[in-house]
Amino acid sequence: MSLIHPTPGLSTLDARARDIFRRVVETYLETGEPVGSHTIQRGGVTLSSASIRNTMQQLTQAGLLLSPHTSAGRAPTHAGLRLFVDGLMEVGDIGLEERREIDARLGDVAHKGRSNNVEEALEAASALLSGLAGGAGIVATPISESGVRHVEFVKLAQDQALAVLVAEDGTIENRLMPLSAGVTPSVLQEASNFLSQRLKGRPLADARQEMKAEVEVARRELDAAAARLVEQGLAAWTGQGERDRSLIVRGRANLLQDNSAAEDIERVKVLFDDLEQKEQLIGLLDDVGAAQGVRIYIGAETRLFSLSGSAVIAAPYMSGRQRVLGAIGVIGPARLNYARVIPLVDYTARVLGRILDGQET
């Protein structure tokens, strides 16, 4: 049998190769050490060590396993881990004790009242995940769901205006923007009225998604100067809210555990640098929200963690209207215990969403 294939799938593996591959990955994820043929044999495989080594070599040629040291042991590549996660891993339910701990810890925050405890709930969830999963817990503060109350353009100078957006929760966003020559007060008022009417009661995040449609309507209904103001105003707000959001990371110390080898320490140092890239991490978590389910990134699947070879398991937390508020997850080495961490992340995200929505856990 030959398994050499540039991007092998499960269909390219026969029953023996699939069984040995699964055992290698499961043992590696449990121990963190390369797995040898004798270990597989002791696990109940009724084959000679030579036959097992031959199959492991074919799996290595296929790009699913690698030999990280001079020993005969093998470890899964990132491609091998992806194949295992997508096709062979059995994900169980969260344990009763873990469920109770998550409910209790986050419930304590919820019972203090919602108004001033959003960040406290996020911090608690991040720290909780870090402790339970063994990696670093990470969460981005939510995008505001508050609707728009009023929009106004204020002329500051001949070539500059201030775009003011007042939300229904009382928060105010101000953005400086260029102003074309000859813009009159009536044009400023016309553009202000248009956006106030179009956006009133709608979260700005929703409006951003329909920005192109708003601009097209403005071009049809307003004169050129007012339409240009509307377009510039929407562009001024687009993306600015994300830069004002916070990123909460807890449990960095967990990443140093069981990393004694020099190359492991170096990877953790690179990962620590990655964790400082706030905007990129928030962008990654926002991509998770777009999928509306648990997402897994392994190694080079995301450019941010390609050098550290880390893995991310994340899930969106949602409001009661099933609107994505943000995402929470765990970052750790590629040998995370995926089967255990996935339900932990999923359940924590669901409880967090209920708390931020003002519901009981």
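Here the structure is shown first, and the text comes after it.
Residues numbered from 1 in each chain as written. Predicted model: local features only at pLDDT ≥ 70, side-chain atom pairs only at ≥ 80, totals over all residues. Heavy atoms only, no water.

Asks: Is there a simple way to think about the environment of asparagine 254 in this case?
Replies: With respect to the secondary-structure elements, asparagine 254 resides in the loop between β7 (247-250) and α12 (262-274). Sequence spacing of asparagine 254 and alanine 133 is 121 residues, and the spatial spacing of their C-alpha atoms is 9.5 Å. If sequence neighbours within four positions are ignored, asparagine 254 has contacts with Ser130, Gly131, Gly134 and Gly135. (Helix = DSSP H or I, 4+ residues; strand = E, 2+ residues; numbered from the N terminus. Contact = heavy atoms within 4.5 Å.)

Asks: Looking at this model, I keep getting lost on the packing of aromatic side chains. Mind explaining?
Replies: Aromatic ring pairs are described here by two measures, namely the spacing of the ring centres and the angle between the planes. Applying the stated criterion to the full structure yields zero aromatic pairs. Against the face of tyrosine 347 rests arginine 99, its NZ or CZ located 4.7 Å from the ring centre. (Phe/Tyr/Trp six-rings, centres within 6.5 Å; stacked < 30°, edge-to-face > 60°. Lys NZ or Arg CZ within 6 Å of the ring centre and 35° of its normal.)

Asks: Is there a simple way to think about the sheet that holds strand β5 (residues 160-167) in this case?
Replies: Within a sheet, adjacent strands bond to each other through the backbone by hydrogen bonds, running parallel or antiparallel. Read across the open sheet, the three strands follow the order β4-β5-β6; overall the sheet is antiparallel. Both edges of this open sheet fall to β4 (148-157) and β6 (172-178), since each of them pairs with a single strand only. The average angle at which neighbouring strand axes cross in this sheet is 20°, direction not considered. Pairing of β5 with β6 involves seven bridges; the strand directions are antiparallel. Paired with valine 166 across the bridge in β6 is isoleucine 172. (Pairing = 2+ DSSP bridges. Axes fitted to C-alpha atoms, helices over the stretch in contact; angles between N-to-C directions.)

Asks: What is the right way to read the packing of helix α1 (residues 15-31) against helix α3 (residues 49-61) from this model?
Replies: Each pair of packed helices gets described by two things: the angle between the helix axes and the distance between those axes. Remark: α1 packs on α3, axes separated minimally by 10 Å, with the N-to-C direction vectors making an angle of 85°. Comparing the axis directions of α1 and α3 gives the class roughly perpendicular. Counting all contacts with α1, which are made through Arg16, Ala17, Ile20, Phe21 and Val24, the residues of α3 involved are Ser51, Ile52, Thr55, Met56 and Leu59. Grouping the amino acids of the contact of α1 with α3 by side-chain chemistry returns seven nonpolar, two polar and one charged. (Parallel < 35°, antiparallel > 145°, perpendicular 65-115°, else oblique. Nonpolar A, V, L, I, M, F, W, Y, C, P; charged D, E, K, R; others polar.)

Asks: Please explain the sheet that holds strand β3 (residues 136-140) as it appears in this structure.
Replies: Strand order across the open sheet formed by five strands is β7-β3-β10-β9-β8, with antiparallel pairing between neighbours. For this open sheet the edge positions go to β7 and β8 (295-298), each flanked by a neighbour on one side alone. The mean inter-strand angle of the sheet, taken between neighbouring strand axes irrespective of direction, is 20°. In this sheet, β7 lies alongside β3 in antiparallel orientation, the contact comprising four bridges. By the bridge assignment, isoleucine 138 is partnered in β7 with valine 249. Strands β8, β9 (310-318) and β10 (324-333) of the sheet are contacted by helix α14 (residues 338-356), whose axis makes an angle of about 30° with β9.

Asks: Help me understand a nonpolar patch on the surface, please; the structure alone is not making it clear to me.
Replies: Together, Val154, Leu156 and Leu176 line one region of the surface with nonpolar side chains, adding up to about 260 Å² of accessible area. As for its position among the elements, leucine 156 is in strand β4. (Patch = residues over 30% accessible without salt bridge, like charges linked within 9 Å, V, L, I, M, F, W, Y side chains within 5 Å. Areas by Shrake-Rupley, 256 points an atom, 1.4 Å probe, with all protein chains shown as cover. Salt bridge = Lys/Arg side-chain N within 4 Å of Asp/Glu carboxyl O.)

Asks: What is the right way to look at helix α4 (residues 78-87) in this model?
Replies: Count 3.6 residues to each turn of an α-helix, and residues three or four apart come out pointing the same way. Listed in full, the buried residues belonging to α4 are Gly80, Leu81, Arg82, Leu83, Phe84 and Val85. Of the surrounding secondary structure, the elements contacted by the buried residues of α4 are α1, β2 (75-76), β8 and α14. (Buried < 20%, exposed > 50% of the residue type's maximum accessible area, 1.4 Å probe, protein only.)

Asks: What is the right way to look at empty space enclosed by the protein in this model?
Replies: Empty space among the atoms becomes apparent when a probe as large as a water molecule is rolled across them. Here the structure, examined in full by the defined rule, presents one cavity of 30 Å³ or more. Estimates place the volume of the largest cavity at around 30 Å³. Along the walls of the largest cavity sit Leu179, Ser180, Val183, Ala225, Arg228, Leu229 and Gln232, which together make up its complete lining. Here the residues of the lining of the largest cavity sort into four nonpolar, two polar and one charged. (1 Å grid on protein atoms, 1.4 Å probe; cavity = no way out; pocket = protein on both sides within 12 Å on 5 of 7 lines; lining within 4 Å. Points joined across faces, edges and corners; volume = space filled by probe spheres on them.)

Asks: In this structure, what is going on with the pairing of β3? I would like to understand it.
Replies: One face of the sheet, then the other: side chains in a regular strand alternate in exactly this way. Taken across its five residues, β3 has five buried, putting it largely inside the fold. What you see with β3 is no split at all: Ala136, Ile138 and Ala140 on one side and Gly137 and Val139 on the other are buried throughout. Of the strand pairs in this sheet, β3 and β10 are connected by four bridges, and their pairing is antiparallel. Each bridged residue has a counterpart across the sheet, and for glycine 137 the counterpart in β10 is valine 330.

Asks: Got a minute to help me understand the pattern of salt bridges in this structure?
Replies: Pairing between side chains of opposite charge can happen when their charged atoms approach one another. Inspection of every chain in the model, using the stated rule, returns 13 salt bridges. Between aspartate 93 and arginine 99 there is a salt bridge; the shortest N-O distance is 3.3 Å. Taking the relative accessible area as the measure of exposure, aspartate 93 reaches 61% and is therefore exposed. Between arginine 219 and glutamate 231 there is a salt bridge, and its shortest N-O distance comes to 3.2 Å. With arginine 219 in helix α9 (residues 211-221) and glutamate 231 in helix α10 (residues 224-237), the pair connects residues that are 12 residues apart, well separated along the chain. With relative accessibility at 31%, the residue glutamate 231 sits in the partly exposed group. When salt bridges that share partners are traced, they join Asp19, Arg22, Arg23 and Glu26 into one network.

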